[in-house]
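Commentary on secondary and tertiary structure
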Amino acid sequence: MMLLPCPWCGPRHAGEFRFHGAAGTRPDPATTTPEQWRRYLYVHDNPRGWQTESWYHSAGCRRFLTVERNTLTHEVRSARDTQLDAAPNAAEDAR
Amino acid sequence: MSILPTSRRARSATGAGGAGGPAPMRLAPREGEVIDRKRSVEFRWNGTPYTGHPGDTIVSALAAAGERVFSRSYKYHRPRGVLTASYLDPGAMVQVGDEPNVRAAHRLVAAGMDVRSQNTWPSLRYDVKAVNGLVERFLATGFYYKTFIKPEPLWPLYEKVLRTFVHAGEIPPDSAPGCYDQRYAHPDVVVAGGGPAGMAAAVAAARAGATVMLVEEEHQLGGHLRFGGPAERARLRELAAAVAAQPGIEVLTDAVVEARYDDNWIPIVARSLPGIDERLIKARAGTLVVAPGLVERPYVFAGNDLPGVMLSTAARRLINLYAVRPGHRAVVLTANPEGDAAVADLESAGVEVAAVVDARRGETVTAAHGRHGVRAVELGDGRRVEADLLVTAVGWTAPTSLLNQSGDQPVYDPRAARFRPDPARMPDDVLAAGGIAGDGDLDQLVAHADAVGREAARRAGAAGGAGAGSAVAVPSLAVDEHPELFSAGTGGFVDLSEDVSAKDITTAVAEGYDSVELAKRYTTATMGPTQGKLETVNTVAILAAATGRSIAETGTTTWRPMYAPITLGALAGRPHQPVRYSPMQPWHERHGAVPLVAGQWIRPEHYGDPAAEVTAVRTGVGIIDVTPIGKLDLQGPDVAKLLELLYVNKWQKLGIGRVRYGVMCAEDGVVLDDGVTGRLGEQHYLMSTTSSGAATVWEWVENWLQTAHPDWRVHVTPVTTAYASINIAGPRSRDLLARLTTDVDLSAEAFGYMNVRTGTVAGIADCVLWRIGFTGELSYEIHVPASYGLHVWQRLLDAGADLGVRPFGVEAQRVLRLEKGHAIVGQDTDGLTQAFSAGVDELIKLDKPDFLGKPELVWQHQRGTHPRLVGLQPLDGSIVPPEASQILDRAGGIAGRVTSSRMSPTLGRAIGLAQLDPELAVVGTHVTVRLPDGSDVTAEVTERVHVDPQGERQRV
């Protein structure tokens, strides 16, 4: 089990997190086709190398993290708070 | 059972003339011996009493008493004796009491131990299965894939017969459960191996400020120094004193570093600890120093598995650690200084050395002869030497497992005749020290290890940040030349654990299995309990010779975790899962509650009579502890938007003081959870979830807020255990609650069905009361600050005594809700049940612009082919079909299943819920339910609500 560098808690055992997979884009539910929707649900890339993923620190700060990880070496290039990245002010309010 | 006449007198290993009788092979006291001669321990070997000393292994005590055979081999049931006299010894697996597969050359004798040989019949000495050797053709190379296969229907019979031939031990069904423990550790440095290099590295790392775990497989630190000469023993005393004097080192003996995973996640299994059988230590280390030393390699020749053929390290262990003479007359095949030292040790032990065969001069041994043990040795020059002992010292294997698991690929070095790690491929947080890294005299190895230890501490950040300071200059170790000696080419066994012969390897090549990974699997060489540490290189060498390739070209097999076989007990360990109780649990226990494990919670299933509890709720009033219900406090201006997204129904118009039931789906349209949510204030809501779904829903809510809608202003606080929750249900529930509430008007007009109020209950302020009805009765669910839960529970019981108030448990609640036709998520639905199959059609608002899972529900609705959740009543109301019984269509195919089924005390008949194909899901249809015993009953499809379909009882 590798270590993940949580921006709030420091390096932590991957077992403390839940893996939510590569960050995907949700199709517009009003116009989506079954094909597009199921691609969003089930058909995910499985790259050999760098991937941007979502991890939830369920046994720690309970924050969702955007992690750039090399699937081959498990090297982690960056791990950022997803909400803070997208909407710094809203995230501050929520905390 | 033994057919040998057994002596009534204990066979003793206490020394000639000792109290217990003769120990013919025990030597006079030796410097460095690890046995305590002042004390004795008596144990039994195949029913016969034996005596040894504390510090003896099972094998050393038996060998001292003159025993030579400790097991029968895996396939051919050949007699086997000492080979390595260490943990790895393939000939020394025994049963100790109810523990199978004990390493008898490692496990220390203890008083009263009942040791037995494994799977020998009728006795170790006269094992009739040795006849296997005569019918070898049935156990030909790759026999797993060739024989006992056809005809296929006979396989169960074959399997049964074959099982009795396998020399695994047995676990009696009445075995007492062991005590296995777990521990987490965060040392800066883990040192795997407590020989001179490991000890020096540990001391150096600790001196540099690191916390160190020094892990040694044997029972003492020291490695090969323990069975060396006076100079080695002196060095061992120095190093041991340095370890003992140095703060910051935790020494674990009889412990194994089992594996190395990413970022130095390191499982260590430790034995010989007080009060427990084993402890699994899960260590996260800054740096791992791999210092396992070298493993001596056996030589392959005809008769190499006979008792009396042993490695030079085995002979030296027996003599120097246990003062046991390994034989009377020896031939020594030596190719290195350690073999030469064995000659000296044998002579000092009074063993007559009949011949020293020096492989460095091209001399060799071609065969050992004998039936139950070595009687004569045939040399390369044709001479035949009478001897009962053949000691071989032909080279070393580097046990690189932990390095392989770190990403390293060992490279074969023909000059040194062994595979060596490739330093270029080692990650920064793994270092190697000692024999695995290279050769040298003791001073050089210790100096190298000292530098490695300091560098390990630096890389672990023991002083300042990780990698602070400049790198330590680690001296390089030379590699000594060693002749390449693997096989005499006269046959013999390559893998003594699995009974794989040299011929099996060449046969495998002839049959096309010419890659090392294929040949390994085909012959099972290296797949036995020694896991390749003795036999991998010989296997590769013989394979290389048979294919005409070099050893380097042939490569080696992958060494995977675990380093040493691990017990299931150590893996299972002691559960660390916390258990949750409500504040009312002490009351439940005092009042006969039958406990139910529900996820993390322990809660009352019933208090002795669930049917009476149901009737009490239907006719009077009952109270149930529903504390495990998940509760999320939601505050902020955007809560309504969030609820609109999460639930399939509408929330924008929920007024303050109102409660609504909702169902939430995952994005695949499958029902995720359900529950009620109430609006307590303008921007303040309280959401409830199922008990088992509390954690999932919390994560689900956070996911959508943090990742998809980071700008929404909602603050989520889990309050599941901040409140104790009690449901008061039954026609008299209002009367009961009114006696304890002063500031909430409970009248039907002021506090109607599906409303929420806050107020004081039994003197406790800030309680949340919602009027909802899972049971179908008039009922109030009250959430009180947790520390007052027991107080309020008790006051309800006291105040309602004259009303006949009665506590009820989860079972009564299940029946009550089933009578009412309410589905339970996860019971009446499963991982494939989309919302239109959950009986909540009227709730799903497909006209909402969006909600989670909406597209799938649109398509489910359009298709219309989905199963429906229906009520079910067997025509014979006395039959309660077990849940999960199949429902058959007219052609006998599966058309559905019973999801809930109970006897209804209210109706006096069996009722249920079922998932059913749409063609049959029409009220009034008769369907066939197949019971587990194969019989069929007829049941009628009904509305889901079995009791009070108009809902009049809960709206009063």
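The model shown is predicted, which means the values in this text are computed figures rather than measured ones. (Residues numbered from 1 in each chain as written. Chains lettered and ligands numbered in written order. Predicted model: local features only at pLDDT ≥ 70, side-chain atom pairs only at ≥ 80, totals over all residues. Heavy atoms only, no water.)

With that settled, the discussion passes to the overall build of chain A. Regarding its fold elements, chain A presents three helices and six strands. Across its three principal directions, the C-alpha atoms of chain A cover 40 × 35 × 20 Å. Counting all 95 residues of chain A, 40% fall into the buried class. A sequence separation of at least 24 residues applies to 43% of the contacts in chain A between residues at least 6 apart. Counting only carbon and sulfur atoms, one obtains 49% of the accessible surface of chain A, whose full area is about 5,400 Å². Distance between charge centroids for chain A: 5 Å, based on 12 positive and 11 negative side chains. (Helix = DSSP H or I, 4+ residues; strand = E, 2+ residues; numbered from the N terminus. Buried < 20%, exposed > 50% of the residue type's maximum accessible area, 1.4 Å probe, protein only. Contact = heavy atoms within 4.5 Å. Areas by Shrake-Rupley, 256 points an atom, 1.4 Å probe, with all protein chains shown as cover. Lys, Arg positive; Asp, Glu negative; His and termini not counted. Charge placed at Lys NZ, Arg CZ, Asp CG, Glu CD.)

Every contact between the two is made by 28 residues of chain B and, on the other side, 30 residues of chain A. Of the roughly 2,500 Å² buried at the junction of chain B and chain A (both faces included), carbon and sulfur atoms supply 52%. When the buried surface of chain B facing chain A is broken down by residue, Glu699(B), Gln706(B) and Trp859(B) rank first, second and third, together holding 25% of it. Between chain B and chain A we count four salt bridges in total. In this structure, Arg26(A) and Asp850(B) form a salt bridge, with 2.8 Å as the shortest nitrogen-oxygen distance. (Buried area = accessible area lost by both parts, 1.4 Å probe. Salt bridge = Lys/Arg side-chain N within 4 Å of Asp/Glu carboxyl O.)

Turning to the UniProt feature "domain: Aminomethyltransferase C-terminal" (unreviewed entry) in chain B, a few remarks are in order. Those residues carrying the UniProt feature "domain: Aminomethyltransferase C-terminal" (unreviewed entry) are residues 868–948 of chain B in this numbering. Helix and strand shares over residues 868–948 of chain B are 0% and 51% respectively, and the end C-alpha atoms of the span are 21 Å apart. (UniProt positions renumbered as here; feature names shortened; annotations may be inferred.)

As recorded in UniProt, the sites labelled "domain: SoxA A3" (unreviewed entry) are residues 493–574 of chain B. Secondary structure over residues 493–574 of chain B splits into 46% helix and 6% strand, and the C-alpha atoms at its two ends are 41 Å apart.

It is worth spelling out the sheet that holds strand E12 (residues 249–252) of chain B at this point. Residues and elements named next belong to chain B. The strand order across the open sheet built from five strands is E12-E11-E10-E16-E28, with neighbouring strands paired in parallel fashion. The open sheet has two free edges, formed respectively by E12 and strand E28 (430–432), since each of these has just one partner strand. Each neighbouring strand pair of the sheet contributes to a mean axis angle of 15°, computed without reference to strand direction. Across four bridges, the pairing between strand E10 (residues 189–192) and strand E11 (residues 212–215) is parallel. Bridging across to E11, Ala192 finds its partner in Val215. The strands touched by helix H9 (residues 442–459) are E10, strand E16 (287–290) and E28; relative to E28, the strand with the most contacts, the crossing angle is about 175°. (Pairing = 2+ DSSP bridges. Axes fitted to C-alpha atoms, helices over the stretch in contact; angles between N-to-C directions.)

Let's shift gears to the domain arrangement of chain B. All names here are of chain B. With domains assigned, chain B is organised as domain 1 (23–173), domain 2 (180–294 + 399–464), domain 3 (299–393), domain 4 (486–570), domain 5 (590–629 + 721–806) and domain 6 (818–848 + 858–954). The partner domain 6 presents ten residues to the 13 residues of domain 5 that form the contact. Both faces considered, domain 5 and domain 6 share a buried interface measuring about 920 Å² in area, 49% of it formed by carbon and sulfur atoms. Sorting the residues of domain 5 by area buried against domain 6 places Arg618, Phe774 and Gly776 first, and these three jointly supply 52% of that buried surface. Across the contact surface, domain 5 and domain 6 share two salt bridges. One salt bridge connects Glu819 with Arg618, and the closest N-O pair in it is separated by 2.7 Å. Applying the counting rule to domain 5 against domain 6 returns eight residue pairs in polar contact (both at pLDDT 80 or more). Broken down by class, the residue content of the side of domain 5 that touches domain 6 amounts to six nonpolar, four polar and three charged. (Domains from an automatic or database assignment. Polar contact = N/O pair within 3.5 Å; in protein donor to acceptor, adjacent residues only side chain to side chain. Nonpolar A, V, L, I, M, F, W, Y, C, P; charged D, E, K, R; others polar.)

Residues and elements named next belong to chain A. Tracing the chain through its elements places His44 in the loop between helix H1 (34–42) and strand E4 (50–56). Counting along the chain gives 37 residues from His44 to Asp81, while the straight-line C-alpha distance between them is 22 Å. Among the polar contacts made by the side chain of His44, one reaches the main-chain carbonyl oxygen of Tyr40 at a distance of 3.1 Å. A distance of 3.5 Å separates a polar side-chain atom of His44 from the backbone oxygen of Leu41.

The next point concerns the pairing of strand E6 (residues 76–81) of chain A. All names here are of chain A. Pairing of strand E5 (residues 64–70) with E6 involves five bridges; the strand directions are antiparallel. Paired with Arg69 across the bridge in E6 is Val76. Between E5 and E6, which pair antiparallel and follow one another directly, the connecting turn spans five residues, one of which, His74, has a positive phi of 65°.

Okay, the pattern of salt bridges next. Residue and element names in this part refer to chain B. Within this structure, the stated rule accounts for 58 salt bridges over all chains. With a closest N to O distance of 2.9 Å, Arg902 and Glu883 form a salt bridge. Of this pair, Arg902 sits in strand E46 (residues 894–904) while Glu883 is found in the loop between strand E44 (868–874) and strand E45 (886–888), placing the two residues 19 residues apart along the sequence. With a relative accessible area of 17%, Arg902 lands in the buried category. Judged by relative accessible area, Glu883 falls into the partly exposed class, the value being 33%. Ionic contacts of the salt-bridge type, sharing partners, join the residues Asp340, Asp358, Arg360, Arg361 and Glu363 into one network.

What follows covers the sheet that holds strand E38 (residues 715–718) of chain B. All names here are of chain B. Read across the sheet, five strands follow the order E35-E36-E37-E34-E38 without closing on themselves; strand pairing throughout is antiparallel. Both edges of this open sheet fall to strand E35 (659–665) and E38, since each of them pairs with a single strand only. Strand-to-strand twist in this sheet, taken as the mean axis angle between neighbours without regard to direction, amounts to 25°. Note: E35 against strand E36 (residues 671–681), seven bridges, orientation antiparallel. Bridge pairing in E36 places Val659 opposite Gly678. Helix H17 (residues 639–646) contacts strand E34 (630–635), E35, E36 and strand E37 (684–689) of the sheet and is inclined by roughly 25° relative to E37.

Turning our eyes to something else, we now look at helix H6 (residues 312–320) of chain B. Residue and element names in this part refer to chain B. Counting buried residues in H6 gives nine out of nine residues, a clear majority hidden from the surface. Three or more residues of H6 are buried, namely Ser312, Thr313, Ala314, Ala315, Arg316, Arg317, Leu318, Ile319 and Asn320. Among the structural elements, strand E17 (295–296), strand E18 (309–311), helix H7 (337–348), strand E24 (389–393) and strand E25 (396–397) are those in contact with the buried residues of H6.

Turning our attention to the confidence of the model for chain B. Detail in the predicted coordinates should be disregarded across regions flagged by low pLDDT. Residue and element names in this part refer to chain B. When pLDDT is averaged along chain B, the result is 92; 93% of the residues meet or exceed 70. Confidence drops under a pLDDT of 50 for residues 1–10, and excluding neighbours within four residues, the segment shows 15 contacts in the predicted structure. Scored below 50 in pLDDT, residues 13–20 makes 22 contacts in the model with residues more than four places away or belonging to other chains. Scored as a complex, the prediction yields pTM 0.86 and ipTM 0.96. (pLDDT = per-residue confidence, 0-100.)

Residues and elements named next belong to chain B. Residues Ile58 and Leu346 are the most contacted members of the largest nonpolar core, which totals 55 residues. At six residues, the largest contribution of residues to this core is made by helix H1 (residues 58–64). Ignoring any residue separated from it by four or fewer positions in sequence, one finds Leu346 in contact with Ala315, Ile319, Pro326, Ala330, Val332, Val351, Val353, Leu389 and Val391. Listed in part, the 31 residues of the second largest apolar core include Ala593, Leu740, Ile764 and Cys767. (Core = buried A, V, L, I, M, F, W, Y, C linked by side-chain atoms within 4.5 Å.)

For helix H11 (residues 516–523) of chain B, every residue scored as buried is listed here: Val516(B), Ala519(B), Lys520(B), Tyr522(B) and Thr523(B). In the stretch just after H11(B), Thr524(B) is the one whose phi turns positive, near 65°.

Taken as a whole and judged by the stated rule, the model has 16 aromatic pairs over all chains. A centroid spacing of 3.8 Å and a plane angle of 15° characterise the contact between Tyr513(B) and Tyr522(B), whose relative ring orientation is stacked. Judged by relative accessible area, Tyr522(B) falls into the buried class, the value being 5%. Members of the aromatic cluster, connected to one another through ring pairs, are Phe17(A), Phe19(A) and Trp55(A). The ring of Tyr563(B) carries the charged tip of Lys533(B) above its face, separated from the ring centre by 4.3 Å. The ring of Trp651(B) carries Arg660(B) above its face, with NZ or CZ at 6.0 Å from the centroid. (Phe/Tyr/Trp six-rings, centres within 6.5 Å; stacked < 30°, edge-to-face > 60°. Lys NZ or Arg CZ within 6 Å of the ring centre and 35° of its normal.)

Moving on to the environment of Gly308(B). All names here are of chain B. Here Gly308 shows up in the loop between E17 and E18. As for Gly308 and Arg375, which are separated by 67 residues in sequence, their C-alpha atoms are 8.6 Å apart. Residue contacts for Gly308: discarding those within four places in its chain leaves Arg68, Val374, Asp388, Leu389 and Leu390.

Residue and element names in this part refer to chain B. For the pair helix H4 (residues 196–207) and helix H5 (residues 230–245), the least separation of the axes is 9 Å and the interaxial angle reads 30°. With respect to their mutual orientation, H4 and H5 come out roughly parallel. Here the hand of the crossing between H4 and H5 comes out left-handed. Contact with H4, carried on its side by Pro196, Met199, Ala200, Val203 and Arg207, involves Leu236, Leu239, Ala240, Ala242 and Val243 of H5 and no other residues of that element. (Parallel < 35°, antiparallel > 145°, perpendicular 65-115°, else oblique. Left-handed = near helix turned anticlockwise from the far one by under 90°.)

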